[in-house]
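Close look at the chain arrangement
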Amino acid sequence: MHFHFSHRFIKSFSTLTTTTTHSSSDWRAQIKQRQLVSQVSSVLLQRRNWGPVLKTLNLSLKLTPTLFLQILHKTQHNPRISLAFFNWIKTHLGFKPDLKSQCHIIRIAVGSDLSRPLEPILCSLIQSHPAPLVADSMIQACKGNDSQCRALSSVMEAYSKKGHFMEALEVFGKMRSHDFTPSIGACNELLDALQRGEEVKLAWCFLGAMIRVGVDPDQFSWSLVARILCKCGKFENIVKLLDKGIYSSEIYDIVIDFYSKNGDFGAAFNRLDEMYNRKLVASFCTYSSVLDGACKYNDREVIERIMGMMIEKQLLPRCRFSENDLIIGKLCDLRKTHAAQMLFENACGESIRLQDDTYGSMLKALSQVGRMDEAIKTYHTILRRGIMVNESCYHAFANALCKEDQSDDAYELLLDIMKKGHNPCASQLSKYITSQCRKTNWTKAEELVDLMLEKGLLLDSAGCCLLMEYYCFNRQIDKAVALHDKLEKVKASLDVTTYNMILVGLWRERKSEQAVRLFDYMTGMNLVDSESFTIIIREHCRMKELRKAMKLHDQMLNMGLKPDKVTYRRLISGFK
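Description of the structure in this document. A quick note: this is a predicted structure, and the numbers were derived from the prediction, not measured.

Our focus in this paragraph is the overall build of the chain. Check the secondary structure of the chain and you find 33 helices and 0 strands. The C-alpha radius of gyration computed for the chain amounts to 35 Å, which surpasses the reference 25 Å derived for 576 residues by more than 25%, pointing to a less compact arrangement than a globule. When the backbone C-alpha atoms are referred to their principal axes, the chain occupies close to 120 × 90 × 50 Å. The burial tally for the chain puts 45% of its 576 residues in the buried class.

Spelled out as structure tokens, the structure:
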């Protein structure tokens, strides 16, 4: 009894001692942490060259996200130092900040003039975490201060700049549910992302929503509205904005460009006068719209008048042929190809030497606006004179040729330019090949597919599937196998329906080894269905390879690909 009591006392004392030891250890660790936080924050705030001093503290072994937040709390009143410390520990210590740390540094820096240094942090943040989680974490980080609107607006803006408008809309939704009003800058970025993404309906919905939460559209907002109206073909509504006193240089640019493209030069000049009266400065872009339209309609009077105005505004040189390359390049960048072509031809007619880049600019701009006769003529001139132009110019020309699917000349040129090493966008070429297949131009499609795969370009499956169907229908199974071998090398694949068609063709031609190999590839790519298994099981049964057939049958059931009752009864009858 006495022994039992002693044992319990010793055990209780031992537990108490252990607990006390742990508490003491934790307490000491907390004191050390507080000392380190105080030491680091003091160094940051009191020393100009704090980097070498911090290196002596072996922070890489001690710094955690929690410790970082404690240091940040002490330095937050100096946002520039806080941001510099954040970047320093990432670069020199390999510190990997968590979501909470990133949100806090954004919250601190966003109120200061540090938007540009913040961009890499925001970019990393939006790429690493889903939008709702980022928004919720930012709301938590901003609790107790008035930076919620600015911080969330910066996140919304970051998503919009990357073109991720759905994520930006999610952040906007979170802000609205918490009664936070986004900045006009963030709203404009999102509106711009929506119009760039051709999301016209969403753009109108968002415009209404931002006005309802109390954001008043500014001049740039109305310019974006004008762009959206232009995409909708509602030109008369853009004119109504001007007539209601809602205007900007960009809105006038859109209106003047529209009048000029349609040859209504009287209206274009009236709007130019209106800009002057409203103290808006017409840019090179504004005047070049009128010049381009005049060149398109070959209106010599308007050409002389607008060029005179541009010379007066010092937008064109007084000397007729000076700075040709610069002016033609600017017009090409704006896709004012009629005006660019006039200056280009005038210079060539006067035997004035133009730079190689000018020929490239002409080729690219003509291709981009779809003026293919002129683009082809320019390309032949480049070849004939041995002119070297930028790869992007050939790329634009090749892409434009892919849209000329009615022309044999365009096809020959496309082959020629690809053989010279200048490739179009893979998606554009895939569409062209699909178009050739649908027009039963099989030889053209074959040649382009071979050339594309030879260059290692990834081909869209639609064109290949049509070509494979053609081979199978015409019993050209060897061609189908050869094409699939090439597709395998670039890790491309077809759809299940086409694969099943090839399987049937291989069994029909008694090419059992190739059929089995193809089925194994299909399985590896997870491109099998109940019909695929039915085909191969049936053929193994026909060849009396019942063990293989049973194994495949079990695999089919395990994958949940059992066919319908009638097909299944017919299939298992082959095991008898």
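The geometry of helix α21 (residues 356–368) relative to helix α22 (residues 372–385) is characterised by a closest axis approach of 8 Å and an angle of 155 degrees between their N-to-C directions. Our classification of the angle between α21 and α22 gives roughly antiparallel. Along this stretch, α21 crosses α22, giving a crossing that reads as left-handed. Along the contact surface, α21 presents Y359, M362, L363, L366 and S367, while α22 presents M372, E374, A375, T378, Y379, T381, I382 and R385. Classifying every residue of the contact of α21 with α22 by side-chain character gives 8 nonpolar, 3 polar and 2 charged.

So, on to the packing of helix α4 (residues 65–75) against helix α6 (residues 99–109). The N-to-C vectors of α4 and α6 enclose an angle of 15 degrees; their axes lie 10 Å apart at closest approach. Judged on the interaxial angle alone, α6 and α4 are roughly parallel. For the pair α4 and α6, the sense of crossing is left-handed. Contacts between α4 and α6 involve P65, F68, L69 and L72 on the former and, on the latter, K100, S101, H104, I105 and I108. Of the residues contributing to the contact of α4 with α6, the split by class is 6 nonpolar, 2 polar and 1 charged.

Once that is clear, we can look at the nonpolar core. Generally speaking, soluble globular proteins have nonpolar side chains that are buried together. In this structure, L54, M156, F206, F397, L414 and I537 are the most contacted members of the largest nonpolar core, which totals 192 residues. Residues contacting L414, with those up to four places away along its chain left out, are A398, L401, C402, P424, L429, Y432 and L448.

Turning to the layout of surface pockets, a few remarks are in order. Taken as a whole, the largest pocket holds about 460 Å³ of empty space. Forming the walls of the largest pocket are 13 residues, and the residues nearest its centre are D257, K261, L334, R335 and K336. For the lining of the largest pocket, the per-class residue count stands at 3 nonpolar, 2 polar and 8 charged. What the second largest pocket holds in volume is close to 380 Å³. Considering the residues around the second largest pocket, the lining is formed by 18 residues, among which S115, L122, S154, E157 and K161 are closest to the centre.

Now for the environment of L448. Take L448: it is sitting in helix α26 (residues 442–454). Of the residues examined, L448 reaches a relative accessible area of 0% and is grouped as buried. Separated by 33 residues in sequence, L448 and L415 have C-alpha atoms that sit 7.4 Å apart. Residues in contact with L448, not counting those within four places in the same chain, are Y411, L414, L415, M418, L429, Y432 and I433.

What follows is about unusual backbone geometry. Positive phi outside glycine occurs at R475, with the angle close to 55 degrees. Within the secondary structure, R475 sits in the loop between α27 (461–473) and α28 (477–489). Notably, K544 is not glycine yet its phi reads approximately 60 degrees, a positive angle.

Take the packing of aromatic side chains next. Applying the stated criterion to the full structure yields 16 aromatic pairs. An angle of 45 degrees between the planes, with centres 5.6 Å apart, marks the rings of F68 and F95 as tilted. Note that F68 is positioned in helix α4 and F95 in the loop between α5 (79–92) and α6, a separation of 27 residues in sequence. For F68, a relative accessible area of 0% puts it in the buried group. Between F265 and Y297 the ring centres are 6.3 Å apart and the planes differ by 80 degrees, which places this aromatic pair in the edge-to-face class.

Among the secondary structure elements, S137 is positioned in helix α8 (residues 131–141). Each residue touching S137, except ones within four places of it in the same chain, is listed here: L99, K100 and C103.

It is worth spelling out helix α32 (residues 546–558) at this point. For α32, built from 13 residues, the straight-helix expectation of 18 Å at 1.5 Å per residue is met to within 8% by its first-to-last C-alpha distance of 18 Å. Within the span of α32, buried status applies to A549, L552, H553 and M556. Seen from one end, α32 has its buried residues packed into an arc of 110 degrees, which puts them on one side. Along α32, exposed side chains directed more than 90 degrees from the buried face belong to R547, K551 and N558. One or two residues past the end of α32 sits G560, with phi positive at roughly 70 degrees.

We now examine the pattern of salt bridges. All told, the structure shown has 21 salt bridges when counted by the stated rule. Here E198 makes a salt bridge to K231, at a shortest N to O gap of 3.4 Å. Placement of the pair is E198 in the loop between α11 (184–196) and α12 (200–212) and K231 in helix α13 (residues 219–231), with a sequence separation of 33 residues. Residue classification places E198 among the exposed residues on the basis of a relative accessible area of 53%. Given the relative accessible area of 39%, K231 is considered partly exposed. As a salt-bridge pair, E274 and R278 come within 3.7 Å of each other at their nearest N and O atoms. Among the residues examined, E274 registers a relative accessible area of 23% and is labelled partly exposed. Note on R278: relative accessible area 25%, which makes it partly exposed. Several salt bridges converge on common partners, so that one network encompasses D192, R196, R227 and E250.

Conventions adopted
Residues numbered from 1 in each chain as written. Predicted model: local features only at pLDDT ≥ 70, side-chain atom pairs only at ≥ 80, totals over all residues. Heavy atoms only, no water. Helix = DSSP H or I, 4+ residues; strand = E, 2+ residues; numbered from the N terminus. Rg over C-alpha atoms; globule rule 2.2 N^0.38 Å. Buried < 20%, exposed > 50% of the residue type's maximum accessible area, 1.4 Å probe, protein only. Axes fitted to C-alpha atoms, helices over the stretch in contact; angles between N-to-C directions. Parallel < 35°, antiparallel > 145°, perpendicular 65-115°, else oblique. Left-handed = near helix turned anticlockwise from the far one by under 90°. Contact = heavy atoms within 4.5 Å. Nonpolar A, V, L, I, M, F, W, Y, C, P; charged D, E, K, R; others polar. Core = buried A, V, L, I, M, F, W, Y, C linked by side-chain atoms within 4.5 Å. 1 Å grid on protein atoms, 1.4 Å probe; cavity = no way out; pocket = protein on both sides within 12 Å on 5 of 7 lines; lining within 4 Å. Points joined across faces, edges and corners; volume = space filled by probe spheres on them. Phe/Tyr/Trp six-rings, centres within 6.5 Å; stacked < 30°, edge-to-face > 60°. Expected span 1.5 Å × (residues − 1). Arc of directions from axis to C-beta. Salt bridge = Lys/Arg side-chain N within 4 Å of Asp/Glu carboxyl O.

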